[in-house]
Amino acid sequence: MMNYNPILIIIVLVAAVIFYRQIISMFQPIRGKGTRIMITLFLLTPGWALIMNPNAEVTPTEVAIALLLGCILSIPLILTTGYERRKDGKIYVKKSLAFVILFVLIFATRWTIRGIIDMDSDSRMLLFFIAACGYLIPWKISSYCKFRKVYISNRV
């Protein structure tokens, strides 16, 4: 039987919550002024404990590569996420099958690479957390800016 690290379980749950909220937003209007878009970044908070883990031994080069990879992965998410004001005057996430496929592919790729990288689990988890921050933070900031643009224009 496989032994799963509790942080790994938290990461999977965070990804599931972010995916779920994004899909729901395609069918239910976003309430408020868009601050809830940014609040999902607080789901990353438990992962910051990985940075303080003394067992994780990574080089600055490995950190930079993980961050760069994360930023590259944010680009398709940013491009496939948009907002629109519908007939009811409320703002929704634009329906995008491409986004759904990309999000699942990114998660599956990360899960597959996790088993390939040959390093201790603490270091690997730290690098994957850094990569996740590298794509989630720019994507959510971009999403918030896109939402605010729609929110401010043509207020009903």
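In case you missed it, the structure is sitting above this.
The shown structure was predicted, so the numbers you read here are calculated from the model rather than taken from an experiment.

Thresholds, definitions, all that
Residues numbered from 1 in each chain as written. Predicted model: local features only at pLDDT ≥ 70, side-chain atom pairs only at ≥ 80, totals over all residues. Heavy atoms only, no water. Helix = DSSP H or I, 4+ residues; strand = E, 2+ residues; numbered from the N terminus. Buried < 20%, exposed > 50% of the residue type's maximum accessible area, 1.4 Å probe, protein only. Areas by Shrake-Rupley, 256 points an atom, 1.4 Å probe, with all protein chains shown as cover. Lys, Arg positive; Asp, Glu negative; His and termini not counted. Charge placed at Lys NZ, Arg CZ, Asp CG, Glu CD. Contact = heavy atoms within 4.5 Å. Salt bridge = Lys/Arg side-chain N within 4 Å of Asp/Glu carboxyl O.

## Considerations on the overall build of the protein chain
The helix and strand inventory of the protein chain stands at five helices and two strands. Listed N to C, the secondary structure of the protein chain is α-α-α-β-β-α-α in terms of helices and strands. Sorting the 156 residues of the protein chain into buried and exposed places 37% on the buried side. Just so you have it, the protein chain exposes about 9500 Å², and 69% of that area is on carbon and sulfur atoms. Mean positive and mean negative side-chain charge positions of the protein chain (18 and 7 charges, respectively) differ by 23 Å.

## Observations concerning the environment of C145
Inspection of the secondary structure puts C145 in helix α5 (residues 121–152). Judged by relative accessible area, C145 falls into the partly exposed class, the value being 47%. Between the C-alpha atom of C145 and that of I37, which follows or precedes it by 108 residues, the distance is 9.9 Å.

## Let's talk about the environment of R21
Relative to the helices and strands, R21 is located in helix α1 (residues 6–24). A residue is classified by how much of its surface remains accessible, and R21, at 39% relative accessible area, is partly exposed. Look past the residues within four positions of R21 in its chain and what remains in contact with it is R36 and T40.

## A few points about the pattern of salt bridges
Following the criterion strictly, the structure yields one salt bridge and no others. Between E84 and R86 there is a salt bridge; the shortest N-O distance is 2.9 Å. The exposure class assigned to E84 is partly exposed, which follows from its relative accessible area of 28%.

## So, the environment of F103
Tracing the sequence through the fold places F103 in helix α4 (residues 97–116). Taking the C-alpha atoms as reference points, F103 and L44, separated by 59 residues in sequence, lie 17 Å from one another. Apart from residues no more than four positions distant in its own chain, F103 is found in contact with A15, I18, F19, L77 and W139.

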